[in-house]
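Coordinate analysis (summary)
Each chain, written out:
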Amino acid sequence: MQAFTLLDGLVAPLDRANVDTDAIIPKQFLKSIRRAGFGPYLFDEWRYLDHGEPEMDCTHRPLNADFVLNKPQYQGAQILLARENFGCGSSREHAPWALEDFGFRAIIAPSFADIFYNNCFKNGLLPIALPVATVAALFQEAADGYRLLIDLDAQQITTPSGQSIAFEIDGNRKYRLLNGLDDIGLSLQHAEAIAAYETARAQRAPWLF
Amino acid sequence: MPGKTLYDKLWADHVVYTEDDGSALIYIDRHLLHEVTSPQAFEGLRLAGRKPWRTDRNLAVADHNVPTTDRHQGIADPISRLQVETLDSNCAEFGITEFAMDDTRQGIVHVIGPEQGATLPGMTVVCGDSHTSTHGAFGALAFGIGTSEVEHVLATQCLVQKKAKNFLVKVNGQVGAGVTAKDIVLAIIGVIGTAGGNGYTIEFAGEAIRALSMEGRMTLCNMAIEAGARAGLVAVDDATIDYCRDRPYAPKGGDWFMAERLWRGLHSDADAVFDKVVELEASAILPQVTWGTSPELVVAVNGHIPDPALETDAVKQQSMVRALDYMGLVAGQAITDIAVDKVFIGSCTNSRIEDLRAAAAVAKGKAKAASVKLAMVVPGSGLVKRQAEAEGLDQVFLAAGFEWREPGCSMCLAMNADRLEEGERCASTSNRNFEGRQGYGGRTHLVSPAMAAAAAIAGHFVDVRQLSGV
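Counting restarts for each chain: residues are numbered from 1 in the order of the written sequence. Whichever chain is written first is A, and whichever ligand is written first is 1; the rest continue in order. Since the coordinates come from a predicted model, pLDDT governs what is reported: local features require at least 70, and pairs of side-chain atoms require 80 or more to be given and counted, while whole-chain, interface and lining totals use all residues. To obtain the side-chain values, all non-hydrogen atoms of the structure were included, while hydrogens and water were left out.

1. So, the overall build of chain A
Definition in use: The way it works is that DSSP assigns letters per residue, a run of H or I at least four long becomes a helix, a run of E at least two long becomes a strand, and they are numbered from the N terminus. Note on classification: 1.4 Å probe, protein chains only; a residue is buried when its accessible area is under 20% of the maximum for its type, exposed when over 50%, partly exposed between these limits. Here a residue-residue contact requires only that any non-hydrogen atoms of the pair lie within 4.5 Å. Under the convention used here, Asp and Glu are negative, Lys and Arg are positive, and both His and the chain ends fall outside the count. Note that the charge is assigned to NZ on lysines, CZ on arginines, CG on aspartates and CD on glutamates.
Scanning chain A from terminus to terminus reveals 8 helices and 7 strands. Its C-alpha atoms put chain A at 60 × 45 × 25 Å along the principal axes. When burial is assessed residue by residue, chain A has 58% of its 209 residues classed as buried. Excluding contacts between residues fewer than 6 apart, the proportion of contacts in chain A whose partners are at least 24 apart in sequence is 64%. Positive and negative side-chain charges of chain A, numbering 18 and 26 respectively, have mean locations separated by a distance of 3 Å.

Put into structure tokens, the structure is as follows:
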């Protein structure tokens, strides 16, 4: 997994609440057995005017000029700004895979759906929850070509005017993201504890063993 | 010290190791797999040279991509076929039990888990699918996970989790005739919103919940995720125990008695403290119909499409305007004036025997409206299908002009050939009415099985309580 330390990135404002995982990556693309290559189909139904299908070459598809990611001032954006409950719906990790493959490294919203939030951390993507009013102010600023500096270690966002915004993140998630660590490897360091748990549990619930 | 909630008890029973920041390694008793969210996890194991920690705790089935028409033809779409074949080969390679497409036990993963007794009270149950919350109906801690976590469970039989907060949703009193678990849960989502349960585990309680069958409780917990909660729970009682007894994977003999004694303790203590409590009166809940592109945009069948102009929150107002535009509806329209093109009865929310009985009771002796292009019934599993056929429900549906299909996820998310065409409107017993969910440009209204069948007969939404046979 790609580590996340500092990010100086362009912000794309997606002014919608309850952006669901079906919108982020529609179901037909979930048929892939690969982990990469979802970026061209990110927000497929909003981004293109035609109907996308898996393995389609997107370079000549008609673009929806009104959609934020198609606007010239947001090309190369690495930070996505959105409204409440971003990533609601299914558990598909294809949603963070598509965001990451497209080039996003961080998402800022007032709130996130739990499974999506969790999935982001497995893919080097930083979801930042900020108060509704703070996000509303960022939307005002992000009208064109606005950049933010995100410092994960300091848990701080710096705006172009020098204003600092602090954000919260669990210690464990932060540590793993900062170092790009593999969760499984870390958990297997507790292999003895897992085995001991199984031995004790087998006494209480032998039908599970 | 205050008492413990059911969630507190289930959590404490599965903690293997706790980190300094409070996150914990928790043990997983049952891992269900399907073809869509597992291929990259198996690939991850292969690349790292890892083996499953325990193969016997995994159970796999293909459900999202499978055809609901003649199975002998195989899967026409080569990409779908490859995904199902990849599950077959991964299960064979890693020694995991799979119910193949031609097995009578095949079906939607959240239907077959409980049906086989692979889901039992007191377990932790996970699956790479958000509707894993379904299994909480058994007093099991069950939630959906991403593919990285699927790989993590395969490799360690554990997950790194942070404990959620406790949310009690209490539904007091009794529902009226024609009001089902689906209506209860849609009404709850209408009250607390699709983000209302974010960060919480919801325990559903109260007289109206206690009165539900296990099928009804599964419908309820299934949609906890639509209220934002990863997990929903219902305490164990006689109905839970009776359902589990003699299931293929349930404990037998002495183990059964030991298990039952343990399971009987799976309820919140009387003095347990919840972080949030919402109470509803069951008698006030009427049959529900969603009108927008989020499950929280829901009204009673006798209601009207709300007016965005009256919404004071600007973000919500914008969502409502957008939803009405997508759905091709206008403010003030009566729900019963909305005509439907297709009807879908199925999905992990409503494809169990009780659901099919409720729909058949409405369809019996009637005929699908000529204006309805398709009314399809997709049983949740091969065993549900067999049971329904033994009861003659298939004949009731066929006589009414409905189609009777093979089990799978089908048009809930349209990954197989079953889908809406652009602009088509559907009365659906599934769980999500998001844009494009049932097909590009398709318009979904979520309802109960009885309400879906009633819409198929009338050609538009009708209050099922006003029909005979209910």
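2. Some points on the overall build of chain B
Filter applied, for reference: Only the C-alpha atoms count toward the radius of gyration. The rule for a globule is 2.2 Å times the residue count to the power 0.38. Here the open area of atoms and residues is found with the Shrake-Rupley method and a 1.4 Å probe, where only the protein chains shown may cover a residue.
Helix and strand content of chain B: 15 helices and 19 strands. In terms of overall size, chain B behaves like a compact globule, its C-alpha atoms giving a radius of gyration of 21 Å where 470 residues would be expected to give roughly 23 Å. Projected onto its principal axes, the C-alpha coordinates of chain B cover approximately 55 × 55 × 45 Å. Burial statistics for chain B: of 470 residues in total, 66% are counted as buried. Within chain B, counting contacts between residues at least 6 apart in sequence, those at least 24 apart form 76% of the total. Accessible surface, chain B: about 15200 Å² in total, of which carbon and sulfur atoms supply 52%. The positive charge centre, built from 43 side chains, and the negative charge centre, built from 58, are 2 Å apart in chain B.

3. Some details on the domain arrangement of chain A
When the parts of a complex come together, some accessible area is lost, and that lost area is often taken as the interface size. Put simply, the rule reads: Where each domain begins and ends is defined by an automated method or by a domain database.
On domain assignment, one finds that chain A holds domain 1 (10–146) and domain 2 (183–209). Taking only C-alpha atoms into account, the centre of domain 1 of chain A sits 38 Å from that of domain 2 of chain A.

4. Here's the deal with the sheet that holds strand S1 (residues 15–18) of chain B
Counted only if it meets this: Pairing between strands is defined by DSSP: at least two bridges between the two strands are required. Lines fitted to C-alpha atoms define the axes here, with helix axes fitted over just the stretch in contact, and angles between the N-to-C directions of these axes take values from 0 to 180 degrees.
Spatially, 3 strands are ordered S1-S2-S8 (chain B) in an open sheet, and the strand pairing comes out antiparallel. If you trace the sheet from one side to the other, it starts and ends with S1 and strand S8 (158–161) of chain B, each paired once. Strand-to-strand twist across the sheet, computed as the mean angle between neighbouring axes with direction ignored, equals 25°. For strand S2 (residues 24–27) of chain B and S8 of chain B, the ladder comprises 4 bridges, and the chain directions are antiparallel. Its bridge partner lying in S8 of chain B, Ile-26 of chain B is registered against Leu-159 of chain B. Running at roughly 40° to S2 of chain B, helix H8 (residues 191–204) of chain A makes contact with S1, S2 and S8 of chain B of the sheet.

5. Let's talk about the environment of Thr-59 of chain A
All names here are of chain A. Rule in force here: Whenever a nitrogen or oxygen atom comes within 3.5 Å of another N or O atom, the pair is scored as a polar contact, on the condition that within protein one atom can donate a hydrogen and the other can accept it, and that pairs from neighbouring residues in sequence are kept only if both atoms are in side chains.
Note that Thr-59 resides in the loop between helix H2 (44–47) and strand S2 (79–82). You can call Thr-59 exposed: its relative accessible area is 59%. In sequence terms Thr-59 and Pro-40 are 19 residues apart; their C-alpha atoms lie 8.7 Å from each other. Within the structure, Thr-59 has its side chain in polar contact with the side chain of Asp-57 (distance 2.7 Å).

6. Describing the interface of chain A and chain B
Worth spelling out the cut-off: Note: buried area is the sum, over both parts, of the accessible area (probe 1.4 Å) each one loses when the two are combined. For salt bridges, the criterion is a side-chain nitrogen of Lys or Arg within 4 Å of an Asp or Glu carboxyl oxygen.
Contact residues are listed per partner, giving 64 residues for chain A and 78 residues for chain B. Interface area, chain A with chain B, both sides summed: about 5700 Å², of which 55% is carbon and sulfur. Among the residues of chain A in contact with chain B, Lys-27, Lys-31 and Trp-207 of chain A are the three that bury the most area, contributing 14% of the side total. Across the contact surface, chain A and chain B share 8 salt bridges. Of the charged contacts, one joins Asp-13 of chain B and Arg-204 of chain A as a salt bridge, the two residues approaching to 2.1 Å between their closest N and O atoms. Counting the contacts that link chain A with chain B gives 37 residue pairs in polar contact (both at pLDDT 80 or more). When residues of the side of chain A that touches chain B are assigned to their parent elements, the largest contribution, 9 residues, is made by H8 of chain A.

7. Side note on the sheet that holds strand S7 (residues 141–144) of chain B
Residue and element names in this part refer to chain B. Read across the open sheet, the 5 strands follow the order S5-S4-S3-S6-S7; overall the sheet is parallel. If you trace the sheet from one side to the other, it starts and ends with strand S5 (97–99) and S7, each paired once. Ignoring strand direction, the axes of neighbouring strands in this sheet form an average angle of 20°. Examined bridge by bridge, strand S4 (residues 58–61) and S5 share 3 bridges and lie parallel to one another. Across the sheet, Ala-60 pairs through a bridge with Glu-98, a residue of S5.

8. Notes on the side chain of Glu-149 of chain B
Inspection of the secondary structure puts Glu-149 of chain B in helix H5 (residues 147–156). A relative accessible area of 1% means that Glu-149 of chain B is categorised as buried. A polar side-chain atom of Glu-149 of chain B sits 2.5 Å from a polar atom in the side chain of Asn-118 of chain A.

9. Thoughts on helix H13 (residues 382–390) of chain B
Since the α-helix advances by 3.6 residues per turn, residues separated by three or four positions end up pointing in the same direction. Residue and element names in this part refer to chain B. Worth spelling out the cut-off: Directions from the helix axis toward the C-beta atoms define the arc.
Of the residues making up H13, those classed as buried are Gly-382, Val-384, Lys-385 and Ala-388. The buried residues of H13 occupy an angular sector of 160° when projected down its axis, which confines them to one face. Of the residues in H13, the exposed ones pointing more than 90 degrees away from the buried face are Arg-386 and Ala-390. Against helix H4 (109–116), helix H12 (353–363), helix H14 (393–399) and strand S17 (403–404) lie the buried residues of H13. By the N-cap criterion, in which a side-chain oxygen at the helix start approaches the backbone nitrogen of a residue two or three places on, H13 is capped by Ser-381, the distance to Leu-383 being 3.3 Å. Gly-392 lies just past H13 and shows a positive phi near 80°.

10. A word on the nonpolar core
Keep this limit in mind: Throughout this description, the term nonpolar core refers to a set of buried Ala, Val, Leu, Ile, Met, Phe, Trp, Tyr and Cys residues connected via side-chain atoms within 4.5 Å.
The biggest cluster of nonpolar side chains holds 116 residues, and the ones touching the most others in it are Phe-43, Phe-86, Leu-99 and Leu-126 of chain A together with Phe-402 of chain B. With 8 residues, helix H15 (residues 449–458) of chain B is the largest single contributor of residues to this core. Of all hydrophobic cores here, the second largest spans 93 residues; its members include Phe-42, Leu-59, Val-109 and Ala-181 of chain B.

11. Quick word on the packing of H12 of chain B against H13 of chain B
Packed helices, taken two at a time, are described by the angle between their axes plus the distance between the axes. All names here are of chain B. Our working definition: Orientation labels follow simple angle bins: below 35 degrees gives roughly parallel, above 145 gives roughly antiparallel, 65 to 115 gives roughly perpendicular, and whatever is left gives oblique. For a crossing to be left-handed, the near helix must be turned anticlockwise from the far one by less than a right angle; the clockwise case is right-handed.
Viewed as axis vectors pointing N to C, H12 and H13 meet at an angle of 40°, and their least axial separation amounts to 10 Å. In terms of their interaxial angle, H12 and H13 are classed as oblique. For H12 against H13, the interelement crossing comes out right-handed. Between H12, through Ile-353, Leu-356 and Arg-357, and H13, the contact on the second element is made entirely by Val-384, Gln-387 and Ala-388.

12. Observations concerning the pattern of salt bridges
Residue and element names in this part refer to chain B. Taken as a whole, this structure holds 41 salt bridges over all chains when the rule is applied. With its nearest N and O atoms 2.9 Å apart, the salt bridge here joins Asp-103 to Arg-105. Measuring nitrogen to oxygen at the nearest pair gives 3.1 Å for the salt bridge that ties Arg-245 to Asp-242. Several salt bridges converge on common partners, so that one network encompasses Asp-238, Asp-242, Arg-245, Glu-260 and Arg-264.

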